[in-house]
Amino acid sequence: METFFTTVTIVLPISLLILLGFFLRQAGILDETGCGKMNTFCFHVLVPAMVFYNIYTADLSTLKNPRLLLFCLLSVTAVFLVLMAAVPRLEKDPGRVGVVIQGVFRSSFVVLGMGLASSMYPGQDMSIIAIASTVVAPLFNAYAVICLETFGRQRPDLRKIVKDVVKNPLILCSAAALFFLLLGIRFPAAIDTTIKNVSATATTISLIVLGGGLTFQGIGAYRKELILTVAAKLVLLPLIFIPIAVWMGFSHMELLCLLILFSSPSPVTASIMARNTPGADWQLAGQIVVFSTIFSVVSLFCILYTLLSLGLL
């Protein structure tokens, strides 16, 4: 019973923030236009600030073995390559292919990761997750650009794909933060505090806005894609990679990092990127965000409960 209540304590704060956003939308305090602008604000300002600050302040000594980063790199790349080969055979609408691929391999690692880790290990150093984000964030965003551009209705433009990857705000912030971290460069206290304060709002505001953007219109047209994508994301990937991670000896914070990587829902930024990609079915991308978020509450609870019961977290 103690494990049950511990799991509830971990998952409930995140769920309540999403519900708060949903109820604010129903009450008319938030609307579609406002949520859209706030999503853009989160994508270009708040989340990059959080990524930058978490990497910038990370303690490299906490990552005693680089195998966690290697596992993240190889596993995400393997999933991406398999999806690039398999999804076009299952989905004939080119506008939906890239969206489904992105919907399966990409997760809310950056936004949900810190929130979940803070709930589970309050007051502990989160450097492992911050350092892992230097690999995960660029990979997610680069692969998302590639699959969306490749399967859009326009002919893929390699130069444009590379340009979109390079100018992605999360990739830019990750690279900048890693540069400052490795060289030991530190900002004056006033600037440091400002970045810290901005980054501290990212998870809360992003989750509230995520809840405010939940909509259930057009479900029938995407039933097959939603079932396959959400099942693959929340059930199949955790069943494959979490046992492998346990077998390889990952536990506690490292295992939690991988759990978030493979078990968290599709991020709001996935919908934003699809909306900005010609030919991509951004409405499907939005529905994947909605339903993966809803069902992840249950799937995360079950996975966390199981791992806590086994003493692995």
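Our subject is the structure listed above.
Calculation criteria
- Residues numbered from 1 in each chain as written.
- Predicted model: local features only at pLDDT ≥ 70, side-chain atom pairs only at ≥ 80, totals over all residues.
- Heavy atoms only, no water.
- Helix = DSSP H or I, 4+ residues; strand = E, 2+ residues; numbered from the N terminus.
- Rg over C-alpha atoms; globule rule 2.2 N^0.38 Å.
- Buried < 20%, exposed > 50% of the residue type's maximum accessible area, 1.4 Å probe, protein only.
- Contact = heavy atoms within 4.5 Å.
- Areas by Shrake-Rupley, 256 points an atom, 1.4 Å probe, with all protein chains shown as cover.
- Core = buried A, V, L, I, M, F, W, Y, C linked by side-chain atoms within 4.5 Å.
- Salt bridge = Lys/Arg side-chain N within 4 Å of Asp/Glu carboxyl O.
- Axes fitted to C-alpha atoms, helices over the stretch in contact; angles between N-to-C directions.
- Parallel < 35°, antiparallel > 145°, perpendicular 65-115°, else oblique.
- Left-handed = near helix turned anticlockwise from the far one by under 90°.

### Observations regarding the overall build of the protein
The helix and strand inventory of the protein stands at 14 helices and zero strands. In sequence order, the secondary structure elements of the protein are arranged as α-α-α-α-α-α-α-α-α-α-α-α-α-α. On C-alpha atoms alone, the protein measures out to a radius of gyration of 19 Å, which is about the 20 Å that the 2.2 N^0.38 rule sets for 313 residues. When its C-alpha atoms are laid out on the principal axes, the protein stretches across 45 × 45 × 45 Å. Within the span of the protein, comprising 313 residues, buried residues form 54% of the whole. For the protein, contacts bridging at least 24 residues in sequence account for 85% of all contacts bridging at least 6. A total accessible area of about 14300 Å² is found for the protein, and carbon and sulfur atoms account for 68% of it.

### Focus: the nonpolar core
By size, the foremost hydrophobic cluster in this structure holds 107 residues, and its most contacted members are Ile101, Phe105, Leu256 and Leu313. Here this core takes 16 residues from helix H6 (residues 127–150), the largest share from any one element. Discounting residues that sit within four places of it in the chain, isoleucine 101 has contacts with Phe80, Leu83, Met84, Val87, Cys147 and Phe151.

### Brief notes about the pattern of salt bridges
Here the structure, examined in full by the defined rule, presents four salt bridges. Where aspartate 281 meets arginine 96, a salt bridge forms, and the shortest distance between an N and an O atom there is 3.4 Å. With a gap of 185 residues between them, aspartate 281 in the loop between helix H13 (268–275) and helix H14 (282–309) and arginine 96 in helix H4 (residues 94–105) connect regions that are remote in the sequence. Both residues of the pair, aspartate 281 and arginine 96, belong to the buried class. Because the salt bridges share partners, they merge into one network encompassing Asp93, Arg96, Glu225 and Asp281.

### With respect to the side chain of serine 174
Position of serine 174 relative to the elements: it lies in helix H8 (residues 169–183). We classify serine 174 as buried; its relative accessible area is 2%. Residues in contact with serine 174, not counting those within four places in the same chain, are Val51, Ile55, Ser133, Ala137 and Pro138.

### Details of the environment of lysine 37
Within the fold, lysine 37 resides in helix H2 (residues 32–56). Among the residues examined, lysine 37 registers a relative accessible area of 60% and is labelled exposed. Between the C-alpha atoms of lysine 37 and valine 209, which are 172 residues apart in sequence, the distance is 9.8 Å.

### Observations concerning the side chain of serine 263
Position of serine 263 relative to the elements: it lies in helix H12 (residues 252–263). The class for serine 263 is buried, based on a relative accessible area of 0%. When residues no more than four places from it in sequence are discounted, the contact partners of serine 263 are Leu234, Pro238, Ile242, Ser296, Ser299, Leu300 and Ile303.

### So, the packing of H6 against helix H7 (residues 158–166)
One can describe the packing of H6 onto H7 by two numbers: an axis separation of 9 Å at closest approach and a directional angle of 150 degrees. Put simply, H6 runs roughly antiparallel to H7. When the axes of H6 and H7 are compared, the crossing they make is right-handed. In this structure, H6 contributes Ala142, Val145, Ile146, Glu149 and Thr150 to the contact, and H7 contributes Lys160, Ile161, Asp164 and Val165.

Remember, this is a structural readout, not a statement about activity or role.
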